[in-house]
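As a plain string of letters, each chain reads:
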Amino acid sequence: MDHSTTTTTAPSNKRPCCSPPPSPPSPAAAEVTMHSVLDTFLRLSAASPLSVDVGFETLVYSRASDSDQDDLIDHAMGMGARLVEAGKRCARMKAAAHNSMVWALPPDLTIKVFSMLDSQSLCNAAATCTMFHRCSVDPLCYADIDLRTDVPKVNNAVVSMMVQRAGKALRSLKLGIVPGPGASSGSSQCLVYSMRSSAEAAGISWNDKRSRQGKESSILTRSCLFSLVAPDNGSARGLLLRRLHLYNIDRIDSPVLCMTLSACPSLVDLEIVGLHVELKQTLESVSGSCPLLHRLFFESSKAGRDDSIKLQTCLNFVNNCPELTTLALRGVKLHDPKVRILVKGFRKLKHVDFSSSYSITGTFLRNLGNSSCGVEIERLILRDCMHLKEVEVARFVTAILAGDFKLLRYLDISNREGLALEGDWYRRCYSLRDISLEQLSAKRPDLRVIAEFPPEGSFLDAEHLMDSDLYSDFFGSEMSIDSSESILGSSPEVSSNSDQGSGNDDALEFSNVIDADSSDEFDFFPL
């Protein structure tokens, strides 16, 4: 009997094989799909707005939950914003391509034209179209940066960006606050580039602004000049800078200015107005770092209180900057022996401005114009020098009539407080009694003389000056000077303090060198 064997198959413990996940579409396929979707979507523009609204509303309410509906709405708004941006970008690209075809100038000539624009006009041109923007970032367009404004508008980031774009092509940099077109001619109001002035210009109260000092966007600080010192291909960006003008930036101090000047050895034109820096440190930095300097214009923010310059500083300045042709030191305390060293030491000096210099009496002018001195001054401004004496002015004019100062073409001896009389500083002279301007005009028709004085008796009595309120109101007020009469671009004048300073401690420095009354015997001797 045959026995049949029944075979039982044991269940398999292996998991059934899953189908592999679909591979993501290739970039080319995804791009084709996106093109197709966008083409289909944009064809809906022919449909009525009502049908689009109804269709989207139906789609939204087909979602089961509120969160899904909100997500769909947000997604639709995001896609719409991206489409708008894409449309604007394509429009700009088409406009740039059109401009490139119809613009008559090649890129190199366009860059040349842009390099002749001022900084504000360059920024306006750069915002016009993509083609202009590409041309405007060329370093040549930033060779001459002029960021002077009448109200605070510029911050450190703007300065840094422009200096970086210029690189080694940078030749001129002008920064700070200067009086705008609305300022009256000759206005001496000192516009200080400070946080407070920025708040007032913006119409925001100072108390509200104080809490936002770290976020202030229109203030130049001491770091605005750091970009000149920063290295660019192994050397500072200011290496080839030729002109540096700084106006009323009250956060720049002497260390920052000295550091900046050390990085600008090619400077030929330096103008400093209203900065809180000392004249002594400025001259020392210029002497050590700027041997090619042709023009120095320094107007002290201390208005007659800057008494830091020393004899050795003057000598070093004369010896190390032999190319100087224009020297303006306004509102500083300079004694006649120092002035004489400066005027006689610079053999190429043509233009001199010591306006509002507190301690000048005029003795430095004695025998200065004869042929043996070699002084060839063409322009001399001694406006509002508090201690300028009438007798010294008369002696100077007499020397001109005698044939000295043959190259002099412009002389300004105006004084809003009158000239000092010999022997008594408080007695003032309001007219050139012993000086015949008519005779001078006949003798020297090529010489223009400005001699403006107030009416006699307008100067306050000495006893009244001791009143503190009156003293501060009168001598702390601004001084007016016609900007057209200044040297190579004038700056506002600020009056000097009126304390008798001709006999202060600084004068002791000269006690062993020269007697002030015999300064005509003194000459410059290089070290």
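To keep things clear, this report deals only with the structure shown in the data block. Predicted model only: the values in this text are computed from it and were never measured.

## Overview of the overall build of the chain
Part 1 of the reasoning: Looking only at helices and strands, the chain has 18 helices and 16 strands in total.
Part 2 of the reasoning: Evaluated residue by residue, the chain yields a buried proportion of 43% over its 527 residues.
Part 3 of the reasoning: At a minimum sequence separation of 6, the contacts of the chain that also span at least 24 residues come to 79%.
Part 4 of the reasoning: For the chain, the accessible area works out to roughly 27700 Å², and carbon and sulfur atoms hold 55% of it.

## Remarks on the sheet that holds strand β10 (residues 379-381)
Part 1 of the reasoning: Taken together, 10 strands build an open sheet; the order of strands is β1-β2-β5-β6-β7-β8-β9-β10-β11-β14 and the sheet is parallel. Edge positions in the sheet fall to β1 (144-149) and β14 (448-450), since each of these pairs with one other strand and no more. Averaged over neighbouring strand pairs, the angle between their axes works out to 5° when direction is ignored.
Part 2 of the reasoning: The sheet contact formed by strand β8 (residues 326-330) and strand β9 (residues 351-353) spans three bridges and is parallel. Across the sheet, the residue bridging to Ala328 is Asp353, located in β9.
Part 3 of the reasoning: The strands touched by helix α7 (residues 156-166) within the sheet are β1 and β2 (172-177), with β1 carrying the most contacts at an inclination of about 165°.
Part 4 of the reasoning: Running over the sheet, helix α12 (residues 279-289) touches β6 (269-273), β7 (295-299) and β8 and is turned about 165° from β7.

## Observations concerning the packing of aromatic side chains
Part 1 of the reasoning: Here the structure, examined in full by the defined rule, presents five aromatic pairs.
Part 2 of the reasoning: Here the aromatic rings of Phe354 and Phe364 are separated by 6.3 Å at their centres, their planes lie at 85°, and the arrangement is edge-to-face. With a gap of 10 residues between them, Phe354 in the loop between β9 and β10 and Phe364 in the loop between β9 and β10 connect regions that are remote in the sequence. As far as burial versus exposure is concerned, Phe354 and Phe364 are alike and both buried.
Part 3 of the reasoning: Three or more aromatic residues joined by ring pairs make a cluster, and in this case those are Trp103, Phe114 and Phe132.
Part 4 of the reasoning: The ring of Tyr410 has Arg379 sitting right over it, with the charged end atom 4.2 Å from the ring centre.

## A look at the pairing of β8
Part 1 of the reasoning: β8 sits mainly inside the fold: five of its five residues count as buried.
Part 2 of the reasoning: Going residue by residue along β8, you find Thr326, Ala328 and Arg330 tucked away on one face and Leu327 and Leu329 tucked away on the opposite face as well.
Part 3 of the reasoning: In this fold, the crossover linking β8 to β9 by way of helix α14 (residues 336-345) has right-handed handedness.

## Considerations on the pattern of salt bridges
Part 1 of the reasoning: For the coordinates displayed, the defined rule picks out 17 salt bridges.
Part 2 of the reasoning: For Asp146, the salt bridge goes to Arg148, with nearest N and O atoms at 2.8 Å.
Part 3 of the reasoning: Overall, the relative accessible area of 26% leaves Asp146 in the partly exposed class.
Part 4 of the reasoning: The shortest N-O distance in the salt bridge between Glu422 and Lys389 comes to 3.9 Å. Within this pair, whereas Glu422 is found in the loop between β12 (419-421) and β13 (424-429), its partner Lys389 is found in the loop between β10 and α15 (390-401), the two being separated by 33 residues in sequence.
Part 5 of the reasoning: Members of the salt-bridge network, linked through shared partners, are Arg243, Asp269, Glu271 and Arg295.

## Here's the deal with the packing of α12 against helix α13 (residues 311-320)
Part 1 of the reasoning: Following both chains from N to C, one finds α12 and α13 inclined at 30°, their axes separated by 9 Å at the closest point. As judged from the angle between their axes, α12 and α13 are roughly parallel. Crossing hand, α12 versus α13: left-handed. Every residue of α13 that contacts α12 at Lys280, Leu283, Glu284, Val286 and Ser287 is listed here: Thr313, Asn316, Phe317 and Asn320.
Part 2 of the reasoning: For the contact of α12 with α13, the residue count by class is three nonpolar, four polar and two charged.

## Digging into the environment of Leu342
Part 1 of the reasoning: Within the secondary structure, Leu342 is located in helix α14.
Part 2 of the reasoning: In this structure the C-alpha to C-alpha distance between Leu342 and Leu327, which are 15 residues apart in sequence, comes to 8.9 Å.
Part 3 of the reasoning: When near neighbours in sequence (up to four residues on either side) are disregarded, Leu342 contacts Cys314, Phe317, Val318, Leu327, Leu329 and Leu349.

## Section: the nonpolar core
Part 1 of the reasoning: Judged by nonpolar contacts, the single largest core of 92 residues is most densely connected at Leu175, Phe317, Leu327, Leu329 and Phe354.
Part 2 of the reasoning: Of the residues forming this core, the biggest block, six residues, is contributed by α15.
Part 3 of the reasoning: Once residues lying within four places of it in the same chain are set aside, the contact partners of Leu175 are Leu147, Arg148, Val159, Leu220, Cys224, Leu225, His245, Leu246, Tyr247 and Ile249.
Part 4 of the reasoning: Counting five residues, the second-largest nonpolar core is a separate cluster that includes Val178, Tyr247, Val273 and Phe297.

## Here we look at helix α4 (residues 107-114)
Part 1 of the reasoning: Residues of α4 that are buried: Thr110, Ile111 and Phe114. All buried residues of α4 fall inside an arc of 100° around its axis, so they share one side.

## Topic: unusual backbone geometry
Part 1 of the reasoning: For Ser356, which is not a glycine, the phi torsion comes out positive at approximately 60°.
Part 2 of the reasoning: With respect to the element layout, Ser356 can be found in the loop between β9 and β10.
Part 3 of the reasoning: Positive phi, close to 60°, is recorded for Asp384, a residue that is not glycine.

## Digging into a nonpolar patch on the surface
Part 1 of the reasoning: Where nonpolar side chains cluster on the molecular surface, the patch consists of Phe56, Leu59, Ile73 and Met77 and spans about 350 Å² of accessible area.
Part 2 of the reasoning: Breaking the nonpolar patch down by element, the ones donating at least two residues are α2 (49-61) and α3 (66-102).

Procedures and definitions
- Residues numbered from 1 in each chain as written.
- Predicted model: local features only at pLDDT ≥ 70, side-chain atom pairs only at ≥ 80, totals over all residues.
- Heavy atoms only, no water.
- Helix = DSSP H or I, 4+ residues; strand = E, 2+ residues; numbered from the N terminus.
- Buried < 20%, exposed > 50% of the residue type's maximum accessible area, 1.4 Å probe, protein only.
- Contact = heavy atoms within 4.5 Å.
- Areas by Shrake-Rupley, 256 points an atom, 1.4 Å probe, with all protein chains shown as cover.
- Pairing = 2+ DSSP bridges.
- Axes fitted to C-alpha atoms, helices over the stretch in contact; angles between N-to-C directions.
- Phe/Tyr/Trp six-rings, centres within 6.5 Å; stacked < 30°, edge-to-face > 60°.
- Lys NZ or Arg CZ within 6 Å of the ring centre and 35° of its normal.
- Right-handed = clockwise from strand over helix to strand, strands pointing away.
- Salt bridge = Lys/Arg side-chain N within 4 Å of Asp/Glu carboxyl O.
- Parallel < 35°, antiparallel > 145°, perpendicular 65-115°, else oblique.
- Left-handed = near helix turned anticlockwise from the far one by under 90°.
- Nonpolar A, V, L, I, M, F, W, Y, C, P; charged D, E, K, R; others polar.
- Core = buried A, V, L, I, M, F, W, Y, C linked by side-chain atoms within 4.5 Å.
- Arc of directions from axis to C-beta.
- Patch = residues over 30% accessible without salt bridge, like charges linked within 9 Å, V, L, I, M, F, W, Y side chains within 5 Å.

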